[in-house]
Amino acid sequence: SNLKHLFMCLLAISIYFSAIVHLIPVSTAKNGVSSKSRKRIMPDPVTEPPVTDPVYEALLYCNIPSVAERSMEGHAPHHFKLVSVHVFIRHGDRYPLYVIPKTKRPEIDCTLVANRKPYHPKLEAFVSHMSKGSGASFESPLNSLPLYPNHPLCEMGELTQTGVVQHLQNGQLLRDIYLKKHKLLPNDWSADQLYLETTGKSRTLQSGLALLYGFLPDFDWKKIYFRHQPSALFCSGTCYCPVRNQYLEKEQRRQYLLRLKNSQLEKTYGEMAKIVDVPTKQLRAANPIDSMLCHLCHNVSFPCTRNGCVDMEHFKVIKTHQIEDERERREKKLYLGYSLLGAHPILNQTIGRMQRATEGRKEELFALYSAHDVTLSPVLSALGLSEARFPRFAARLIFELWQDREKPNEHSVRILYNGVDVTFHTSFCQDHHKRSPKPMCPLENLVRFVKRDMFVALGGSSTNYYDACHREGF
Ligand SMILES: *[C@@H]1O[C@H](CO)[C@@H](O)[C@H](O)[C@H]1NC(C)=O
Ligand SMILES: *[C@@H]1O[C@H](CO)[C@@H](O)[C@H](O)[C@H]1NC(C)=O
């Protein structure tokens, strides 16, 4: 029934947008759904459907909040005790980072109001709690950022009401599972039981706060401390890694060559450039897909000029190319090399935190990292979850640490991506469940992977981060 629920959720999204994209006839909503459309709409959340529909993929990316979502977080046999939880999120829905040149940018209101959809019952309380926020709760320079979005015309990159609602929902879902059901934190939890870290953008800080508010409504500001992370890879202190940069350069070269091969894409950029009357190069550099996704996610029609309109066909061509690019990215493995090195510092930090918790330390039981697609994507890839979808708005990746009460020395982990248990899809636990009846992965597997095997996977002779980052003759 999880799948059924997910399906209803997707159906709701599809109906929501059918007016502009004609995905499915609205009438199918009345008496459930034919098996034909079920086949088309129901994806395996981890593996790609055989035929990828660019508009359908884009709507998943929007992640429009609808019915409450079911998830697999916290599922464990009753003799397992939850020890700690580590949450990596992408910020929620945001205004574009780029404008399409010479067009009016979409009119989206970033103030938070009750009579606009999507809505969350805690929205007003969130705003009121944020206005009481204290600067002492944040490491500089976070203390100069606004604590909730508030511009009647969104600023570039600003979190929207949709983005806030997405993370209030995430937080409430985690509250129901981890606090109410599994009592991860005592009622009188203390500041050092949380570990909170965010990049320096208002959208990541605000997303982190919205999730935290859903998780711990009306939290005491004196018990909150958000650390600032200057790097999107969350690697501060150990960011210097020349080999990682070489992988990235090769990956970018691959991306460039794939684009050149796609004549339909070039034609589409050419047409769009003509519509907005700028050189093709300038149009392409403005990354129009980012802005077009905003139009789509907010049901705002694409921009027009006196030369014509940007339309859904343009969108489909660019989005289809993006999907093909991701497919080739998986095959060529350059991004994997980048990811193994890029994700090491944050994974290393996470296992450190887990190991301290297994020793009975009661600190940092709930860790929250509020981040970006360029944070989650390398972590997913490094873990071997190459089939996982590109991180949608408000995506969440969760590591749960469990103790078997019957064998207190045994600790296990579960990995969940957007509520789906992907533990046995990871490269370090792929065939574990074939050999063992355990519903989880031994913590040792993850530790061995992070300490050594992820470097072995790079194919050289390095067995640690420093050597792998400085390998000669790569
Ligand atoms: C989307 O926009 C169209 C046209 O502006 C409107 O008719 C339709 O009701 C909107 N759909 C939703 C779900 O808001
Ligand atoms: C990994 O974490 C340990 C502490 O848990 C730390 O001493 C070590 O320097 C870290 N290594 C890297 C490469 O980040």
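Residues numbered from 1 in each chain as written. Chains lettered and ligands numbered in written order. Predicted model: local features only at pLDDT ≥ 70, side-chain atom pairs only at ≥ 80, totals over all residues. Heavy atoms only, no water.

Asks: Please provide a residue-by-residue account of the overall build of the chain, values included.
Replies: Scanning the chain from N- to C-terminus turns up 16 helices and 10 strands. Looking at the chain as a whole, 54% of its 474 residues qualify as buried. Sequence separation of 24 or more characterises 78% of the internal contacts of the chain that already satisfy a separation of 6 or more. Accessible surface for the chain amounts to roughly 21100 Å². Of this, 52% is attributable to carbon and sulfur atoms. (Helix = DSSP H or I, 4+ residues; strand = E, 2+ residues; numbered from the N terminus. Buried < 20%, exposed > 50% of the residue type's maximum accessible area, 1.4 Å probe, protein only. Contact = heavy atoms within 4.5 Å. Areas by Shrake-Rupley, 256 points an atom, 1.4 Å probe, with all protein chains shown as cover.)

Asks: Mind laying out the state of the cysteines, listing which residues take part and the relevant values?
Replies: In a disulfide, the sulfur atoms of two cysteines are held together by a covalent bond. All told, the structure shown has 6 disulfides when counted by the stated rule. The disulfide that involves C110 links it to C154, with 2.1 Å between the sulfurs. A torsion of 95° about the S-S bond marks the disulfide between C110 and C154 as right-handed. In this pair, C110 is assigned in the loop between β1 (80-90) and α4 (123-131) and C154 in the loop between α4 and α5 (161-181), connecting sequence segments 44 residues apart. One exposure class covers both C110 and C154, and it is buried. Here C429 pairs with C441 through a disulfide, and the sulfurs are 2.0 Å apart. Judged by the sign of its S-S torsion, about 105°, the cystine formed by C429 and C441 is right-handed. (Disulfide = S-S within 2.5 Å.)

Asks: Break down a nonpolar patch on the surface for me, with residues and values.
Replies: On the surface, Y256, L257 and L260 cluster together into a nonpolar patch covering about 260 Å² of accessible area. Given a relative accessible area of 39%, Y256 falls into the partly exposed group. (Patch = residues over 30% accessible without salt bridge, like charges linked within 9 Å, V, L, I, M, F, W, Y side chains within 5 Å. Salt bridge = Lys/Arg side-chain N within 4 Å of Asp/Glu carboxyl O.)

Asks: Please give an account of the site of ligand 2 that cites residues and values.
Replies: The environment of ligand 2 is formed by T238, H344, N348 and Y465. Taking N348, its side chain carries an N or O atom lying 2.4 Å from an oxygen atom of ligand 2. Contact with the protein chains hides 48% of the accessible area of ligand 2, taken as 360 Å² for the molecule alone. Considered class by class, the residues forming the shell around ligand 2 number 1 nonpolar, 3 polar and no charged. (Near = heavy atom within 4 Å. Polar contact = N/O pair within 3.5 Å; in protein donor to acceptor, adjacent residues only side chain to side chain. Nonpolar A, V, L, I, M, F, W, Y, C, P; charged D, E, K, R; others polar.)

Asks: Help me get a handle on the pairing of strand β8 (residues 407-417), residues and values and all.
Replies: Sheet topology places strand β7 (residues 396-404) next to β8; 8 bridges connect them, and they run antiparallel. Looking at the pairing, F399 lines up with I415 of β8. Taken together, β7 and the strand that follows it, β8, pair antiparallel across an intervening segment of 2 residues. Here β8 pairs with strand β10 (residues 441-442) via 2 bridges, running antiparallel. The residue bridging S412 from the neighbouring strand is P442, located in β10. With 2 bridges joining them, β8 and strand β9 (residues 420-421) adopt antiparallel strand pairing. Looking across to β9, one finds that L416 is bridged to D421. Hairpin connection from β8 to β9: 2 residues lie between these consecutive antiparallel strands, with N418 at a positive phi of about 50°. (Pairing = 2+ DSSP bridges.)

Asks: Please provide a residue-by-residue account of empty space enclosed by the protein, values included.
Replies: Counting across every chain of the model gives 2 cavities of 30 Å³ or more. Quantified by volume, the largest cavity comes out at close to 40 Å³. As for the largest cavity, its lining consists of Y61, D93, R94, D290, L293, C294 and F393. At 3 residues, the largest contribution of residues to the lining of the largest cavity is made by helix α10 (residues 288-297). A class-by-class count of the residues in the lining of the largest cavity yields 4 nonpolar, no polar and 3 charged. (1 Å grid on protein atoms, 1.4 Å probe; cavity = no way out; pocket = protein on both sides within 12 Å on 5 of 7 lines; lining within 4 Å. Points joined across faces, edges and corners; volume = space filled by probe spheres on them.)

Asks: Before we move on, can you summarise the packing of helix α8 (residues 263-276) against helix α11 (residues 312-332) with the specific residues and values?
Replies: Two numbers describe how α8 lies on α11: the axes approach to 10 Å, and their chain directions differ by 140°. Taken together, the axes of α8 and α11 are oblique relative to one another. Crossing handedness for the pair α8 and α11: left-handed. Seen from α8, the contacting residues are Q264, L265, T268, Y269, E271, M272 and I275; seen from α11, they are H314, V317, I318 and H321. Its residues assigned to classes, the contact of α8 with α11 comprises 6 nonpolar, 4 polar and 1 charged. (Axes fitted to C-alpha atoms, helices over the stretch in contact; angles between N-to-C directions. Parallel < 35°, antiparallel > 145°, perpendicular 65-115°, else oblique. Left-handed = near helix turned anticlockwise from the far one by under 90°.)

Asks: So what's going on with the nonpolar core? Which residues, and what values?
Replies: Grouped together as the largest cluster of nonpolar side chains are 52 residues, with contacts concentrated most on L341, L383, L397 and F399. The biggest single contributor to this core is helix α12 (residues 334-358), with 10 residues. In terms of nonpolar packing, the next biggest core, distinct from the first, is built from 46 residues, M130, L196, F219 and M440 among them. (Core = buried A, V, L, I, M, F, W, Y, C linked by side-chain atoms within 4.5 Å.)

Asks: Would you mind going over the pattern of salt bridges in detail, with residue names and values included?
Replies: Under the criterion given, the structure shown has 25 salt bridges. Of the charged contacts, one joins D373 and R90 as a salt bridge, the two residues approaching to 3.8 Å between their closest N and O atoms. Linking D373 in helix α13 (residues 373-382) with R90 in strand β1, this pair joins segments that are 283 residues apart in sequence. You'll find D373 and R90 in the same group, each marked buried. In this structure, E107 engages K104 in a salt bridge whose closest nitrogen and oxygen atoms are separated by 2.7 Å. This pair shows no difference in class: E107 is exposed, exactly as K104 is.

Asks: Describe unusual backbone geometry, naming the residues involved and giving the relevant values.
Replies: In this structure, the amide linkage connecting K117 to the following residue, P118, adopts the cis form with an omega of -5°. Within the secondary structure, P118 is located in the loop between β1 and α4. A cis geometry characterises the amide bond from S140 onward to P141, with omega recorded as 5°. With respect to the secondary-structure elements, P141 resides in the loop between α4 and α5. Phi is positive for K102, which is not a glycine, with a value near 55°. Note that K102 resides in the loop between β1 and α4.

Asks: So what's going on with the packing of α5 against helix α6 (residues 202-215)? Residues and values would help.
Replies: Relative orientation of the contacting elements α5 and α6 amounts to 40°, with a least axis distance of 6 Å. Crossing of α5 against α6: the hand is right-handed. Between α5 and α6, the residues in contact are V164, H167, L168, N170, G171, Q172, L174, R175, Y178 and L179 and S207, A210, L211, Y213, G214 and F215, respectively. Looking at the contact of α5 with α6 residue by residue, the classes come out as 9 nonpolar, 6 polar and 1 charged.

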